[in-house]
Amino acid sequence: MLTGGDEASGEARMEHHHEHARWRRVRHLLTPHSHHGTDKVDAVLESSRAGMRALWISLFVLGGMALVQAVIVYLSGSVALLGDALHNVADTLTAVPLAIAFRLGRRAATRAYTYGFGRAEDLAGVVVVLVIAASAATSAVLAGQRLLEPRPITHLPWVFAAGLVGFAGNELVARYRIAVGRRIGSAALVADGLHARTDGFASLAVVPAAGGAALGWGWADPVVGLGITVAICLVLKDAAREVCRRLMDRVDPEIVDRAERELRLIPGVRDVTTLRMRWVGHRLHAEAAVVVDAHLSLIAAHEIAADAERQLTLHVPRLTEATVHAAPQTHPGAGHHLRISHARMAR
């Protein structure tokens, strides 16, 4: 028999759920959405296409600049411009592993790779970091050699112009790659954008090198080359940190908080006991455990879990898959699951 307090508590709970349901319906009407499961797949494919477009456009721009700079290096003998040209060539080459990774990421999951091939993108990010490190080492060696064995620089106006054009081109490519990478959630593409930004500053450093050479300062060109190496190392640190965080499955805490808030808005969800999220390439996956009323039928509990999975993929950016487990309110948590398993094995 229910007491007055129990009835009041029950009515309060019902009112609470009705309020959540009304808010959910209003938000459902105001938020663009679709009821087709293929929409998320289409969004994932479109993000891969956006990444490929960013790669090919930037490859065309950087490849053209590197070719022009190589001709001016041959004519002038500037080691600072040579280092810049090497960086542009390296940045162009990093498009190859990224393009392979984006294409692999489109492949469907298999029995062996049940999460698909999105991790190839993270491996491509490692390749990008290694290429940045190699370009820094090459620049340091060439600048050191030229500092020990100075050589005159000719065609200084062309070297000066190449530095300015290189900076502008690299900065445009960097902004484009970083913007697309952040929009689609690709750490590898963001790292590649940072690499392009490094090349832009390296190109800009060619300008004072040419100015110093015009004043007769033979040491200016190799010293600027060493300065470029230091700048590359700083960006290398940022790119390596970004890629390592992705390999360690780091997710922005704000995204986790948002996912938990979405789960708590689901009618029938009493609590959220577990929420795990991870990146697979530029796609998010989530696993959650929610608490529901113990008296619910299996079908009703399943409906709540299915609704939670659907709402998560609708309202959490770049979340493509979610698995939600419903536990009864009287026995929430993994500890109870372990006790149940031991009890069933003892029978």
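Since the model is a prediction, treat every value here as computed from it, not as a measurement. (Residues numbered from 1 in each chain as written. Predicted model: local features only at pLDDT ≥ 70, side-chain atom pairs only at ≥ 80, totals over all residues. Heavy atoms only, no water.)

In this section: the overall build of the protein chain. Counting its secondary structure elements, the protein chain contains 11 helices and three strands. Starting at the N terminus, the α and β elements of the protein chain follow one another as α-α-α-α-α-α-α-α-α-β-β-α-β-α. Counting all 347 residues of the protein chain, 44% fall into the buried class. Restricting to contacts in the protein chain with at least 6 residues of sequence separation, those with at least 24 account for 76%. (Helix = DSSP H or I, 4+ residues; strand = E, 2+ residues; numbered from the N terminus. Buried < 20%, exposed > 50% of the residue type's maximum accessible area, 1.4 Å probe, protein only. Contact = heavy atoms within 4.5 Å.)

What follows is about the pairing of strand β3 (residues 319-328). The pairing of strand β2 (residues 283-292) with β3 spans nine bridges and is parallel. Within β3, the residue paired with Val-290 across the bridge is Ala-326. What joins β2 to β3 is helix α10 (residues 298-315), and the crossover it makes is right-handed. (Pairing = 2+ DSSP bridges. Right-handed = clockwise from strand over helix to strand, strands pointing away.)

Turning next to helix α4 (residues 95-105). Taken together, the buried positions of α4 are Ala-95, Leu-98, Ala-99, Ala-101, Phe-102 and Gly-105. Mapping the buried residues of α4 onto a view down its axis gives an arc of 160°, with all of them on the same face. (Arc of directions from axis to C-beta.)

This part is about the environment of Ala-95. Tracing the backbone through its elements, the reader meets Ala-95 in helix α4. Here Ala-95 falls in the buried class, since its relative accessible area comes to 3%. Taking the C-alpha atoms as reference, Ala-95 lies 8.3 Å from Asp-192; in sequence the two are 97 residues apart. Every residue in contact with Ala-95, bar those within four places of it in the chain, is listed here: Leu-55 and Leu-59.

Moving on, we get to the nonpolar core. Core analysis: the largest hydrophobic core is formed by 28 residues, its most contacted members being Leu-55, Leu-98, Ile-132, Val-180, Ile-184 and Leu-189. Within the residue set of this core, elements represented by two or more residues are α2 (38-76), α4, α5 (119-148), α6 (156-184), α7 (187-214) and α8 (220-247). One finds Leu-284, Ala-286, Ala-308 and Val-316 within the second-largest nonpolar core, a separate group that totals 24 residues. (Core = buried A, V, L, I, M, F, W, Y, C linked by side-chain atoms within 4.5 Å.)

A few words on the packing of aromatic side chains. According to the stated counting rule, one finds one aromatic pair in the structure shown. The interplanar angle of 35° and the centroid separation of 4.9 Å between the aromatic rings of Tyr-113 and Phe-117 together place this pair among those described as tilted. A cation sits over an aromatic face here: Arg-107 above Phe-117, 4.5 Å from the ring centre. It is Arg-246 that lies over the ring of Trp-279; its NZ or CZ is 4.2 Å from the centre. (Phe/Tyr/Trp six-rings, centres within 6.5 Å; stacked < 30°, edge-to-face > 60°. Lys NZ or Arg CZ within 6 Å of the ring centre and 35° of its normal.)

Another aspect to go through is the pattern of salt bridges. As enumerated under the stated definition, the model contains nine salt bridges in all. One salt bridge connects Glu-171 with Arg-175, and the closest N-O pair in it is separated by 3.0 Å. Taken together, the residues Glu-171 and Arg-175, both in helix α6 and four residues apart, mark about one turn of the helix. Take Arg-175: its relative accessible area is 54%, and that puts it in the exposed class. (Salt bridge = Lys/Arg side-chain N within 4 Å of Asp/Glu carboxyl O.)

Attention shifts here to the sheet that holds β3. With mixed pairing, three strands are arranged side by side in an open sheet as β1-β2-β3. Edge positions in the sheet fall to β1 (271-280) and β3, since each of these pairs with one other strand and no more. Neighbour-to-neighbour, the strand axes of the sheet open up by a mean angle of 15°, direction not taken into account. (Axes fitted to C-alpha atoms, helices over the stretch in contact; angles between N-to-C directions.)

Here α4 crosses α5 at 175°, and the two axes come no closer than 8 Å. In this view, α4 runs roughly antiparallel relative to α5, as classed from their interaxial angle. Residue-level contacts link Pro-97, Leu-98, Ala-101, Phe-102 and Leu-104 of α4 to Ala-120, Glu-121, Ala-124, Val-127 and Val-128 of α5. Classifying every residue of the contact of α4 with α5 by side-chain character gives nine nonpolar, no polar and one charged. (Parallel < 35°, antiparallel > 145°, perpendicular 65-115°, else oblique. Nonpolar A, V, L, I, M, F, W, Y, C, P; charged D, E, K, R; others polar.)

Another point: the packing of α5 against α8. Where α5 contacts α8, the two axes come as close as 9 Å, and the packing angle between them is 165°. Considered as vectors, α5 and α8 are oriented roughly antiparallel to each other. Considering how the two elements wind past one another, α5 and α8 form a crossing that is left-handed. Across the contact of α5 with α8, the residue classes tally to 19 nonpolar, six polar and five charged. (Left-handed = near helix turned anticlockwise from the far one by under 90°.)

Because each turn of an α-helix spans 3.6 residues, side chains separated by three or four positions in sequence point in the same direction. For α8, spanning 28 residues, the distance from its first C-alpha to its last is 40 Å, which sits close to the expected 40 Å at 1.5 Å a residue. At the C-terminal side of α8, Asp-249 shows a positive phi close to 65°. (Expected span 1.5 Å × (residues − 1).)

Now for the confidence of the model for the protein chain. Across the protein chain, the average pLDDT comes to 75, with 77% of residues at or above 70. Least confident of the elements in the protein chain is helix α1 (residues 4-30), whose mean pLDDT is 45; most confident is helix α9 (residues 253-264), at 94. Long-range and interchain partners of residues 1-14, a stretch whose pLDDT sits below 50, account for two contacts in this model, where long-range means more than four residues apart. Note that residues 20-45 has pLDDT below 50 and, in this model, 30 contacts with residues that lie over four places away or in other chains. (pLDDT = per-residue confidence, 0-100.)

Where nonpolar side chains cluster on the molecular surface, the patch consists of Leu-147, Leu-215, Trp-217, Trp-219, Val-223 and Leu-226 and spans about 590 Å² of accessible area. The class of Val-223 is partly exposed, set by a relative accessible area of 38%. (Patch = residues over 30% accessible without salt bridge, like charges linked within 9 Å, V, L, I, M, F, W, Y side chains within 5 Å. Areas by Shrake-Rupley, 256 points an atom, 1.4 Å probe, with all protein chains shown as cover.)

Time to look at the environment of Arg-318. Within the fold, Arg-318 resides in the loop between α10 and β3. Distance from Arg-318 to His-282, taken between C-alpha atoms, is 7.5 Å for residues 36 residues apart in sequence. Residue contacts for Arg-318: discarding those within four places in its chain leaves Arg-182, Arg-183, Ile-184, Gly-185, Trp-279, His-282, Arg-283 and Leu-284. Here the side chain of Arg-318 touches Arg-182 through a polar contact of 3.3 Å, landing on its backbone oxygen. (Polar contact = N/O pair within 3.5 Å; in protein donor to acceptor, adjacent residues only side chain to side chain.)

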